[in-house]
Amino acid sequence: MRTEKLPDERGYFGEFGGRFVPETLMEPLLQLESAYYKIKRDENFKKEYEYYLRNFVGRPTPLYYASKLSKKLKARIYLKREDLCHTGAHKINNAVGQALLAKYMNKKRLIAETGAGQHGVATATVAALFDFKCTVYMGEEDCKRQEMNVLRMKLLGAEVVPVKVGSRTLKEAINEALRDWVSHPEDSYYLLGSVVGPHPYPMIVRDFQRVIGDEARKQILEIEGRLPDYLIASVGGGSNSIGLFYPFLEDNVKIIGVEGGGKGIETGLHSASINFGKVGILHGAKMYLIQDENGNVSPTHSVSAGLDYPGVGPEHSYLAKIGRVKYDIATDDIAIKGFYALSELEGIIPALESAHAIGYLIEHRDDFPEKEPLIIVNLSGRGDKDLGIIYALWEGKNG
Amino acid sequence: MGSLQYKIKNRKKKLVFVPFFVAGFPDFKFLENFIIKNKDKIDILELGIPFSDPVADGPVLQEINYRAILNGVSLENTLNWLKDTEIPKVVDIVFLLYFNLLYDRLEEKLQKIKDIGVKGLVIPDLPLEESEALLPIFDKYGLDLVLFISPTTRKERREKIIKIAGSFLYFVSVKGVTGERDELPQEGINFAREVRMETDKPLIWGFGIRNKSQIENLYGLVDGVIVGSAFGRKLLEGQDLQSYFDELYEATL
């Protein structure tokens, strides 16, 4: 199986992907694609991107042996510490890359959507760093769930626009960002934060996130002298997971993506697009999509705003379809268990998104036949942003 | 040449008048009465099927899409409604719908749409690249695919679009989403002049129309005009639609 060559020239990963956008956005997408292919071969761009990753973001991030969790689960578990990136999550890798691309394209303004606020913060950060104007769209519901991130974006000089339609979460934020871009295609650059959207975004975001997997692969070979048995990462749109998975796709490594199981599949309140959606088109791409029988996109739920999205990247859709990656789910409760466990055992408070991967591993350790499997878990972000949610749960339990 | 193209070309008036309504809003009965009453004024009826995520639409049509879905409007019950009315027999209809509403069981849906008597489809998120492979399927069901030309569409691309477009081209007059604007955009006027030189295919002007003088300024420039959000706003605000509708209609004579 060769996945390295995808997407094809039409932006497809097998049957998934493409460019389902209003005509006004086709020209901007074609320009973006050609600019991207140019800078991809440019040594100066590569040097600049690596300079900022090292000196601004703080890469490479450690691959940390979680000794107590390993002992508890009878496994050798390594955490890829994206939580130690500047701004607290992997999102900054992509934001730096795309901001440099926007600079190269002479754009003056960045537009972004955000769910949990991590991508919005990352975009506001690079806007400050590289002197762009910046507008971030964020669902009103997410603004409430993640108010500290709203404050951070404002401090960084960005305009934050709460989106007050529909479910008021990430999906609507992307709609609004697309509408802004349709209205300002010349001077504005849409800095999309996940491996979703029309081609070339799923490819660009993947390429700027693969540094996670490239580093992890080198690190595990140095430390353990062999490749891992498993990779595990949470999947919302799918940028942290594709970043870790991509460099291992041709290897003999088992890969598991964990979708948000929400309040349980039977309740219908989840965001497990691959497991319980069907193929559809949203935000410019064909992918697995949670939708009703009429083709309208259904409301989703996850305790973590970053996973609360009805679709999933076209490349993930493809990897699921061909069976290369196993996609499973972790409910809110399992994620919260993972959140507590990592905090107590390892002294690391994970983002609720990443806690889905940790919780899944704890819950499913017995499903792994190896006596002592070697596992890399992507710790995509730190949990500071989620303390309000955890606090509310405590109040609920103890109050 | 599609039947609509013939009709547009041989019109005995300045512009064809293409009102846009979202199916089932404010409700099916109101729309039916209004359309039947005004059947002789409507050259082509553009009927939108509501979608949860209408990214090409501005605030008025977003709100109407949202409310229509809450009212349970779908492609299926829109087709059932049309079947029981005179509308398809007395008015030429094109559907506007986002591609996800068609994607699943595509051919079954196209067959039903054809059977009702709908003439064409406007799919705002299906650009040239994605439509090429689907054209034979739309053809099979005799449905005209209406393609868009927008101010960002470059010349080489316009040539390709013009070549495969159906009865008319949906001329997007501004960079942006649907919604009323006070003036005709100069950018759009200049662009229409340029496109006019490149094709005989009818151009129907969309986006931004709300008053008579805008329509009058389109004489000789394009072949027709779509009015959507302006009517939608009247309906949302519960105001009288008829006199306003007549005023804009008369401007197309």
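Above this text sits the structure in question.
Values in this document were obtained by computation on a predicted structure and should not be read as measured data.

Cut-offs and rules
- The residue count restarts for each chain, going from 1 along the sequence in the order it is written.
- The order in which chains are written sets their letters, starting at A; the order in which ligands are written sets their numbers, starting at 1.
- Two thresholds apply to this predicted model, a pLDDT of at least 70 for residue-level local features and 80 or more for giving and counting side-chain atom pairs, whereas whole-chain, interface and lining totals are computed over all residues.
- Water and hydrogen atoms play no part in the side-chain values, which are based on all heavy atoms of the structure.
- Aromatic pairing here means that ring centres of Phe, Tyr or Trp (its six-membered ring) are within 6.5 Å. Orientation follows from the plane angle: under 30 degrees is stacked, over 60 is edge-to-face, and everything else is tilted.
- Secondary structure counts use DSSP, requiring at least four H or I residues in a row for a helix and at least two E residues in a row for a strand, with both numbered from the N terminus.
- Burial status follows relative accessibility: with a 1.4 Å probe on protein chains alone, a residue under 20% of its type maximum counts as buried, one over 50% as exposed, and anything between as partly exposed.
- In our convention, an over-ring charge means Lys NZ or Arg CZ found within 6 Å of a ring centre and within 35 degrees of that ring's normal.
- Definition used for salt bridges: Asp or Glu carboxyl oxygen within 4 Å of a side-chain nitrogen of Lys or Arg.
- Here a helix's expected span is defined as the number of its residues, less one, multiplied by 1.5 Å.
- What makes two residues a contact is simply this: any of their non-hydrogen atoms within 4.5 Å.
- Defined here as a combined quantity, buried area equals the accessible surface (1.4 Å probe) lost by two parts on assembly, summed across both.
- We define a polar contact as two N or O atoms separated by no more than 3.5 Å, with the added condition that, inside protein, one atom must be a possible hydrogen donor and the other a possible acceptor, whereas residues neighbouring each other in sequence contribute only through side-chain atom pairs.
- Under the convention adopted here, Pro, Cys and the residues Ala, Val, Leu, Ile, Met, Phe, Trp and Tyr are nonpolar, Asp, Glu, Lys and Arg are charged, and Gly plus all remaining residues are polar.
- Computed over the protein atoms alone on a 1 Å grid, cavities are sets of points where a 1.4 Å probe fits but cannot get out and pockets are open sets with protein on both sides within 12 Å along at least five of seven lines; a residue lines them when it has an atom within 4 Å of a point.
- Grid points are joined across faces, edges and corners, and a volume is the space filled by probe spheres set on the points.
- Note on geometry: axes are C-alpha line fits, over the in-contact stretch for helices, and angles between N-to-C directions span 0 to 180 degrees.
- It is the rotation of the near helix from the far one that decides the hand of a crossing: anticlockwise by less than a right angle makes it left-handed, clockwise makes it right-handed.
- Note: two strands are recorded as paired if DSSP finds a minimum of 2 bridges between them.
- Roughly parallel means an angle under 35 degrees; roughly antiparallel, over 145; roughly perpendicular, 65 to 115; everything else is oblique.

**Looking at the packing of aromatic side chains**
Inference 1: Considering all chains together, one arrives at 31 aromatic pairs over all chains under this definition.
Inference 2: Each ring, one from Phe17(B) and one from Tyr249(B), has its centre 5.9 Å from the other, and the planes form 55°; the classification is tilted. With Phe17(B) in strand β1 (residues 16–22) and Tyr249(B) in helix α14 (residues 242–250), this pair connects stretches of sequence that are 232 residues apart. Like Tyr249(B), Phe17(B) is buried.
Inference 3: A cation over a ring is seen here: Arg81(A) above Tyr64(A), with NZ or CZ 5.8 Å from the ring centre.

**Regarding the pattern of salt bridges**
Residue and element names in this part refer to chain A.
Inference 1: Per the stated rule, a full pass over the model turns up 53 salt bridges over all chains.
Inference 2: A salt bridge links Arg-179 to Glu-176; the shortest N-O distance between them is 2.6 Å. Residue Arg-179 and its partner Glu-176 are located together in helix α8 (residues 170–183), separated by three residues, close to a single helical turn.
Inference 3: Relative accessible area serves as the criterion here: at 5%, Arg-179 is assigned to the buried category.
Inference 4: Among the salt bridges present, the one from Glu-370 reaches Lys-254, with a minimum N-O distance of 2.5 Å. One end of the pair, Glu-370, is in the loop between α15 (352–364) and β14 (374–379); the other, Lys-254, is in strand β10 (residues 254–262), with 116 residues separating them in the sequence.
Inference 5: Overall, Lys-254 belongs to the partly exposed group, its relative accessible area being 41%.

**Some remarks on helix α10 (residues 211–224) of chain A**
Inference 1: Its 14 residues place the ends of α10(A) 20 Å apart at the C-alpha level, agreeing with the 20 Å of an ideal helix rising 1.5 Å per residue.
Inference 2: Taken from the residues just after α10(A), Gly225(A) is the one with a positive phi, measuring 70°.

**Re the interface of chain B and chain A**
You'll often see interface size given as the accessible area lost when the parts meet.
Inference 1: Counting from both sides, the interface comprises 36 residues of chain B and, opposite them, 37 residues of chain A.
Inference 2: Summed over both partners, the interface of chain B with chain A comes to about 3,000 Å²; 49% of that surface belongs to carbon and sulfur atoms.
Inference 3: Residue Glu186(A) pairs with Lys175(B) through a salt bridge whose shortest N-O separation is 3.1 Å.
Inference 4: Connecting chain B to chain A are 19 residue pairs in polar contact (both at pLDDT 80 or more).
Inference 5: Among the secondary structure elements, those contributing two or more residues to the side of chain B that touches chain A are α3 (59–70), α6 (100–103), α8 (128–131), β5 (144–149) and α10 (155–164) of chain B.
Inference 6: Across the side of chain B that touches chain A, the residue classes tally to 18 nonpolar, eight polar and ten charged.

**As for the layout of surface pockets**
A water-sized probe rolled over the atoms picks out the places where empty space is left.
Inference 1: By volume, the largest pocket amounts to about 750 Å³.
Inference 2: Along the wall of the largest pocket there are 27 residues; nearest its centre are Tyr49(A), Glu50(A), Asp207(A), Arg210(A) and Asp214(A).
Inference 3: Listing elements by their share of the lining of the largest pocket, those giving two or more residues are α1 (23–40), α2 (43–57), α9 (201–209) and α10 of chain A.
Inference 4: Looking at side-chain class alone, the lining of the largest pocket contains twelve nonpolar, one polar and 14 charged residues.
Inference 5: Looking at the second largest pocket, its volume works out to about 510 Å³.
Inference 6: What lines the second largest pocket is a set of 26 residues, among which Gly166(A), Lys171(A), Ser52(B), Tyr66(B) and Ile69(B) lie closest to the centre.
Inference 7: When contributions to the lining of the second largest pocket are tallied by element, the ones reaching two or more residues are α8 of chain A together with α3 of chain B.
Inference 8: A total of six residues in the lining of the second largest pocket trace back to one element, the largest contributor, which is α3(B).
Inference 9: Tallied by class, residues from the lining of the second largest pocket come to nine nonpolar, ten polar and seven charged.

**Side note on the packing of helix α4 (residues 91–104) of chain A against α9(A)**
Residue and element names in this part refer to chain A.
Inference 1: Viewed as axis vectors pointing N to C, α4 and α9 meet at an angle of 115°, and their least axial separation amounts to 8 Å. Where α4 crosses over α9, the two elements pack in a sense that is right-handed. Residues Lys-91, Asn-93, Asn-94, Gly-97, Gln-98 and Leu-101 of α4 lie in contact with α9, whose contacting residues are Tyr-201, Ile-204, Val-205, Phe-208 and Gln-209.
Inference 2: When the residues that make up the contact of α4 with α9 are grouped by side-chain class, the tally is five nonpolar, five polar and one charged.

**Quick look at the sheet that holds strand β6 (residues 133–139) of chain A**
All names here are of chain A.
Inference 1: Within the open sheet, the four strands sit side by side as β7-β6-β5-β8. Their pairing is parallel. Looking at which strands have only one partner, the edges of the open sheet turn out to be β7 (159–163) and β8 (188–190). On average, each strand axis in the sheet is tilted by 25° relative to the strand beside it, whichever way the strands run.
Inference 2: Two strands pair when backbone bridges link them, and strand β5 (residues 109–114) and β6 are joined in this way by six bridges, in the parallel orientation. Among the inter-strand pairings, Ala-112 is bridged to a residue of β6, identified as Val-136.
Inference 3: The strands touched by helix α5 (residues 118–130) are β5 and β6; relative to β5, the strand with the most contacts, the crossing angle is about 165°.

**Details of the sheet that holds strand β3 (residues 63–65) of chain A**
All names here are of chain A.
Inference 1: Judged by pairing direction, the sheet is mixed, and its six strands sit side by side in the order β3-β4-β14-β9-β10-β13 without closing on themselves. The sheet is open, and its two borders are formed by β3 and β13 (326–331), each paired with just one other strand. On average, each strand axis in the sheet is inclined to that of its neighbour by 30°, with strand direction left out of account.
Inference 2: Pairing of β10 with β13, which is carried by six bridges, proceeds in the parallel orientation. When the sheet's bridge partners are listed, Ile-256 is paired in β13 with Lys-326.
Inference 3: The sheet strands contacting helix α14 (residues 332–346) are β3, β4 (76–81), β10, β13 and β14, and the helix crosses β13 at an angle near 85°.

**With respect to the environment of Leu102(B)**
All names here are of chain B.
Inference 1: Tracing the sequence through the fold places Leu-102 in helix α6.
Inference 2: Along the sequence, Leu-102 and Asp-57 sit 45 residues apart, while their C-alpha atoms lie 18 Å from each other.
Inference 3: Once you skip the residues sitting within four places of it in the chain, Leu-102 turns out to touch Leu-75, Leu-97, Lys-109, Leu-110, Ile-113, Leu-121 and Ile-123.

**Here's the deal with the packing of α2(A) against α4(A)**
Two measures define how a pair of helices packs: the angle their axes make with one another and the distance between the axes.
All names here are of chain A.
Inference 1: The N-to-C vectors of α2 and α4 enclose an angle of 140°; their axes lie 10 Å apart at closest approach. Judged on the interaxial angle alone, α4 and α2 are oblique. In this structure, the crossing between α2 and α4 has a hand that is right-handed. Taken together, the residues of α4 that come into contact with α2 (itself represented by Phe-45, Glu-48, Tyr-49, Tyr-52, Leu-53 and Val-57) are Ile-92, Asn-93, Val-96, Gly-97, Leu-100, Leu-101 and Lys-103.
Inference 2: Classifying every residue of the contact of α2 with α4 by side-chain character gives nine nonpolar, two polar and two charged.

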